[in-house]
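# Observations on the three-dimensional arrangement
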Amino acid sequence: MRHLLDTKTLSRESALRILDVAEDMADTQQREVKKLPTLRGKTVVNLFFEDSTRTRISFEAAAKRLSADVINFSAKGSSVSKGESLQDTAQTLQAMGADAVVIRHGASGAPRTLATSGWITAGVVNAGDGTHEHPTQALLDAYTIRKRRFGDDSRGRDLAGVKVTIVGDILHSRVARSNVWLLDTLGAHVTLVAPPTLVPQDVSAWPARVVYDLDEALAGAPDALMMLRIQLERMNAAYFPTEREYSRRWGLDARRLSALGADSIVMHPGPMNRGLEISAEAADSPRSTVLEQVANGVSVRMAALYLLLAGAERGEDPPAGTEKENPR
Ligand code: NCD
């Protein structure tokens, strides 16, 4: 794997490979010493042009647990705020010897530009670009669904027939887009639920069913219910009457929570607006996988960085030091 830019073009085989390597990585994270020597001598640059808490620290933890050197570069306070272009920033990173660049950018397509420009030789990982994609989030979500469903028997399995309902601000959500493509590739059935104003225009070309009424969607007994954050910072107009009205019609309240099937799970990529799209009861219930998603994110990002930086050299070998019989 040279880059990880989207899930739309990610094959089923590559997706399962990342999820399975993430299982190996998760096993190593149960040990007292979590650090593996796999990426010793490699440099990973976190290039964040947009605010982020969990995604940035998740990539940082993943790179450090593989013994890579990590450079955190956030646009605030850098020359970018003085008008330096993406090209100049990229070429500076190249000159410093970056082996992988993890980029979050407000413009859809920025990671692909970086990967195909010829400015850098480093592998590029998209950590969220505009409203386009957020592939590692979708991979950690798929990992989480698979783990809850199959437990220790997850390796090699896809999500055939699993019903996933994604609710909320689809329009502004790169998480929703990446999930729709990946879930479809893995055989899941996706339903999208949102007010009509928060459904993208091109949705008819997506492999998903669109419903406007949350209770109607819940009657279909989803296995996983993914609540999305209302992205007020991307809204330049009024997309719904009031927050109160939004949570009444599209929020996961206690009544809707109790109507879910016995094994169905509640997901949220974070950060949550408690009381708006998700109630505290739902966020803190045993069905909630919010914190599992965060923990699994580190394993999935370790897998992605490993496959980008070490996988090419090592072919199909398992990550060094991840074999159970050879604990370090
Ligand atoms: C998401 C993002 O930034 O796209 N969050 C995340 O990566 N943890 C979703 C969001 O901001 O709502």
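In short, a report on the structure. Please read these numbers as outputs of a predicted model, since none were measured by experiment.

Thresholds applied
Residues numbered from 1 in each chain as written. Predicted model: local features only at pLDDT ≥ 70, side-chain atom pairs only at ≥ 80, totals over all residues. Heavy atoms only, no water. Pairing = 2+ DSSP bridges. Helix = DSSP H or I, 4+ residues; strand = E, 2+ residues; numbered from the N terminus. Axes fitted to C-alpha atoms, helices over the stretch in contact; angles between N-to-C directions. Near = heavy atom within 4 Å. Polar contact = N/O pair within 3.5 Å; in protein donor to acceptor, adjacent residues only side chain to side chain. Areas by Shrake-Rupley, 256 points an atom, 1.4 Å probe, with all protein chains shown as cover. 1 Å grid on protein atoms, 1.4 Å probe; cavity = no way out; pocket = protein on both sides within 12 Å on 5 of 7 lines; lining within 4 Å. Sits in = over half its atoms within 2 Å of the grid points. Nonpolar A, V, L, I, M, F, W, Y, C, P; charged D, E, K, R; others polar. Domains from an automatic or database assignment. Phe/Tyr/Trp six-rings, centres within 6.5 Å; stacked < 30°, edge-to-face > 60°. Buried < 20%, exposed > 50% of the residue type's maximum accessible area, 1.4 Å probe, protein only. Lys NZ or Arg CZ within 6 Å of the ring centre and 35° of its normal. Points joined across faces, edges and corners; volume = space filled by probe spheres on them.

What the 5 strands build is an open sheet, ordered E7-E6-E5-E8-E9; its pairing is parallel. In this open sheet, the two strands that pair with only one neighbour each are strand E7 (209-211) and strand E9 (265-267). Going across the sheet, the axis of each strand differs from the next one's by a mean of 20°, ignoring polarity. Relative to E9, strand E8 (residues 224-227) is paired through 3 bridges, and the arrangement is parallel.

Glancing now at the site of the ligand. The ligand sits among Arg 54, Thr 55, Arg 104, His 134, Gln 137, Arg 174, Val 175, Arg 229, Gln 231, Pro 269, Gly 270 and Pro 271. One of the side-chain nitrogen or oxygen atoms of Thr 55 is found 3.0 Å away from an oxygen atom of the ligand. Here an oxygen atom of the ligand sits 3.2 Å away from a polar atom, N or O, in the side chain of Arg 104. About the coverage of the ligand: the protein hides 94% of its 320 Å² of free accessible area. The pocket occupied by the ligand, as judged from atoms lying within 2 Å of grid points, is the largest pocket. Of all elements in the fold, only helix H2 (54-65) and helix H6 (174-185) reach the threshold of two or more residues within the shell around the ligand. Grouping the amino acids of the shell around the ligand by side-chain chemistry returns 3 nonpolar, 5 polar and 4 charged. Looking at which domains feed residues into the shell around the ligand, each of domain 1 (12-133 + 295-324) and domain 2 (135-292) gives three or more.

Ring pairs (aromatic) are described by centroid distance and by the angle formed between their planes. Inspection of every chain in the model, using the stated rule, returns 3 aromatic pairs. A centroid spacing of 6.4 Å and a plane angle of 55° characterise the contact between Trp 181 and Trp 206, whose relative ring orientation is tilted. With Trp 181 in helix H6 and Trp 206 in the loop between strand E6 (189-193) and E7, the pair connects residues that are 25 residues apart, well separated along the chain. By the burial criterion, Trp 181 is buried, and Trp 206 matches it. Ring plane angle 35° and centroid distance 5.7 Å describe the contact between Tyr 246 and Trp 250, whose orientation is recorded as tilted. Taken together, the residues Tyr 246 and Trp 250, both in helix H8 (residues 243-250) and 4 residues apart, mark about one turn of the helix. Here Tyr 246 and Trp 250 have matching classes, each one buried. In this structure, Arg 157 packs its charged tip against the face of Phe 150, placed 4.4 Å from the ring centre.

Before going further, it helps to spend a moment on the layout of surface pockets. Volume-wise, the largest pocket comes out at about 440 Å³. In terms of lining residues, the largest pocket is bounded by 21 residues, among which Arg 104, Arg 174, Arg 229, Gly 270 and Pro 271 are the most central. Each residue belonging to the lining of the largest pocket can be placed in one class, and the counts come to 4 nonpolar, 9 polar and 8 charged. The residues that make up the lining of the largest pocket include at least three from each of domain 1 (12-133 + 295-324) and domain 2 (135-292). Counted as a void, the second largest pocket has a volume near 280 Å³. Taken together, the elements giving at least two residues each to the lining of the second largest pocket come down to helix H1 (12-28), helix H5 (135-150) and helix H11 (290-309). The dominant element in the lining of the second largest pocket, judged by the number of residues it contributes, is H11, at 5 residues. Its residues assigned to classes, the lining of the second largest pocket comprises 4 nonpolar, 4 polar and 7 charged.

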